Amino acid sequence: GDRVINLLHYDDAAGACLRAVLTGSGIRGRTFLIGDGVPTTRLGICESAVKSRDYREDALPVFKGGEEDSVGKIYGGSL
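Note that the coordinates shown come from a computational prediction; the quantities given were computed from them, not determined experimentally. (Residues numbered from 1 in each chain as written. Predicted model: local features only at pLDDT ≥ 70, side-chain atom pairs only at ≥ 80, totals over all residues. Heavy atoms only, no water.)

A.B. asks: Got a sec to walk through the overall build of the protein? Specific residues and values, please.
C.D. replies: When helices and strands are tallied, the protein shows 2 helices and 2 strands. For the protein, the α and β elements follow one another from N to C terminus as β-α-β-α. Looking at the protein residue by residue over its 79 residues, the buried ones come to 6%. Sequence separation of 24 or more characterises 76% of the internal contacts of the protein that already satisfy a separation of 6 or more. (Helix = DSSP H or I, 4+ residues; strand = E, 2+ residues; numbered from the N terminus. Buried < 20%, exposed > 50% of the residue type's maximum accessible area, 1.4 Å probe, protein only. Contact = heavy atoms within 4.5 Å.)

Right under this line is the structure:
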C-alpha cells in the first residue's frame, strides 16, 4: 500500500546542518530528525505530477506491498 513520507529540500537540510554546527558543542552526541512538517504519500506526489503538462497523459501507479493498515512512520516535529 501507499505510505506517508516526509520530503526535505536540500536548502532546508543544509540550513539545519549549519544551524547545528553554529550552535556549538552543546549538541554533541545528539540526534536530530528534520522534516518539512507536511507529510505526503507517494500517491500524492504522483497525483501532483499528473497535473503537469509532462505527465498528464500518464496513469497513476498502484503501490503494492506491506500491511494494508500501515501508513508509515509518523513523528511529531514540534520542540
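From this point, things continue past the structure.
A.B. asks: So what's going on with the environment of Leu43? Which residues, and what values?
C.D. replies: Along the chain, the position of Leu43 falls in helix H2 (residues 42–49). When the C-alpha atoms of Leu43 and Val4 are compared, they prove to be 9.3 Å apart, with 39 residues separating the residues in sequence.

A.B. asks: Hey, could you go over the environment of Ile27 for me, with residue numbers and the actual values?
C.D. replies: With respect to the helices and strands, the residue Ile27 is situated in the loop between helix H1 (10–23) and strand E2 (40–41). What makes Ile27 buried here is its relative accessible area of 17%. With residues up to four places along the chain from it excluded, the contact list for Ile27 reads Ala20 and Phe32.

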